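Commentary on secondary and tertiary structure
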Amino acid sequence: LGRMKPVIVVHGGAGRIFKEREEGCRAGVVRAALQGYGVLKQRGSAVDAVEEAVRSMEDDPHFNAGCGSVLNEKGEVEMDAIIMDGKNLDSGAVSAVKCIANPIKLARLVMEKTKHMLLTDHGAQLFAQAMGIPEIPGEKLITERSRERWKKNLEPDSNPEEFQKDLGTVGAVAIDSEGNVACATSTGGLSNKLIGRVGDTACIGSGGYADNHSGATSTTGHGESIMKVVLARLILYHMEQGMSPEVAADTALDYMKTRVGGLGGVIVVNKAGEWAARFSTKQMSWATVKDDKLHYGIYAGEKHIKSVDEALASEREGF
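Residues numbered from 1 in each chain as written. Predicted model: local features only at pLDDT ≥ 70, side-chain atom pairs only at ≥ 80, totals over all residues. Heavy atoms only, no water.

What to know about the packing of aromatic side chains
Selection rule: Pairing of aromatic side chains requires ring centres within 6.5 Å, counting the rings of Phe and Tyr and the six-membered ring of Trp. Pairs whose planes differ by under 30 degrees are stacked, by over 60 edge-to-face, and all others tilted. Per the convention used, a helix needs a DSSP run of H or I reaching at least four residues, while a strand needs a run of E reaching at least two, with both numbered from the N terminus.
Counted by the stated rule, this structure contains one aromatic pair. A ring pair is formed by Trp275 and Trp286, whose centres lie 5.6 Å apart and whose planes are at 40°; its orientation type is tilted. In this pair, Trp275 sits in strand E10 (residues 275–279) while Trp286 sits in strand E11 (residues 283–290), placing the two residues 11 residues apart along the sequence.

Pasting the structure below:
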């Protein structure tokens with residue numbers, strides 16, 4: 001029983017990571033990967049592991065998800081999240097939710113407690129209340145930085161597109177010791193987006209997809225481009241055709257770039273436990289744990305490797 005070696009891969013968003021935020025982003029993805037791996041080591045499921053990893057990043061203001069989410073045109077936080085179980089293709093998602101700390105938890109409840117896959121806005125809020133999820137004031141999710149950026153983007157000569165480069169959606173994929181895969185993705189969306197805008201994150205096959213027959217993937221980047229090519233499912237399709245996770249990811253990202261001019265990043269694990277973290281943007285913060293080794297990076301070609309014990313020790317010392 002349980003012959004698979006568990007693997008977790010996380011991302012903290014593709015785009016441009018400003019120098020002064022690099023350390024925080026690195027620390028955040030490392031912490032999330034270690035927490036998710038902790039779940040897997042205790043024989044927890046892949047679904048539990050990806051939910052835990054994403055929750056950790058939602059609570060970290062360095063990322064555009066949960067606390068730290070960017071603001072829409074009206075200066076409010078509206079968040080999207082999805083989770084998927086590769087065992088039976090069950091999935092749950094929420095879109096345009098406000099005033100809750102962890103949209104990924106709500107997405108999980110949609111998957112497990114309803115017959116539906118996606119709840120939006122007011123309906124998602126009513127469901128959250130029914131499930132006893134505490135509402136928090138919207139201001140609690142807003143960081144100084146998000147508000148600053150929102151104001152800048154309102155200036156008549158501003159170019160919000162410039163700021164979209166620093167996207168910070170968060171996600172995780174995992175395979176557990178039973179060989180089940182799962183994915184989870186969560187985001188605050190695009191800065192100064194129209195009210196009610198839903199991006200790729202809440203959409204199955206775009207923001208993420210998980211199927212035990214092939215693997216799991218979570219995406220980040222320009223949502224509308226990702227939706228046009230159904231990026232997550234496209235990567236799994238390439239793996240079903242025999243490509244490795246890395247080649248499948250690169251092929252799909254390349255197609256998105258040439259076909260619709262979109263940039264992004266992906267994390268992938270296949271059913272054999274091979275993984276990849278690939279991106280066409282300047283940067284993407286990512287971390288992986290496999291065989292008790294932690295790998296992480298932000299720049300193309302950058303890869304640090306530490307033993308999990310060493311990483312956990314420096315976690316406790318406060319990184």
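Here we look at the UniProt feature "active site" (unreviewed entry) in the protein chain
As a reminder, the rule being used: UniProt positions are given in the numbering used here, feature names are shortened, and annotations may be inferred rather than shown by experiment. Any two residues whose heavy atoms approach within 4.5 Å at even a single point are treated as in contact.
Taking the numbering used here, the UniProt-annotated feature "active site" (unreviewed entry) corresponds to Thr169. Here Thr169 shows up in the loop between helix H6 (160–163) and strand E5 (170–175). Setting aside its immediate chain neighbours within four residues, Thr169 contacts His11, Gly12, Gly13, Asn64, Thr185, Ser186, Thr187, Thr201, Thr219 and Thr220.

Considerations on the sheet that holds strand E7 (residues 208–211)
Basically, it comes down to this: Pairing between strands is defined by DSSP: at least two bridges between the two strands are required. An axis is simply a line fitted to the C-alpha atoms; with a helix, the fit covers only the stretch in contact. Between two such axes, the angle follows the N-to-C directions and lies from 0 to 180 degrees.
Strand order across the open sheet formed by four strands is E7-E8-E9-E10, with antiparallel pairing between neighbours. Looking at the sheet topology across the chains shown, the edges are occupied by E7 and E10. Put simply, the sheet's adjacent strands are angled 10° from each other on average, direction ignored. Bridging between strand E9 (residues 264–270) and E10 involves five bridges; their strand directions are antiparallel.

Considering unusual backbone geometry
In plain terms, the rule: For the exposure calls, accessible area comes from a 1.4 Å probe over protein chains only, and a residue counts as buried if that area is under 20% of its type's maximum, exposed if over 50%, partly exposed in between.
Of note in the backbone geometry, Val230 takes a positive phi value of approximately 45° without being a glycine. Locating Val230 in the fold gives a position in the loop between helix H7 (223–229) and helix H8 (231–240). For Val230, a relative accessible area of 35% corresponds to the partly exposed category. Phi angles above zero are rare outside glycine, and Asp292 is one such case at about 60°. Mapping Asp292 onto the fold places it in the loop between E11 and strand E12 (293–299).

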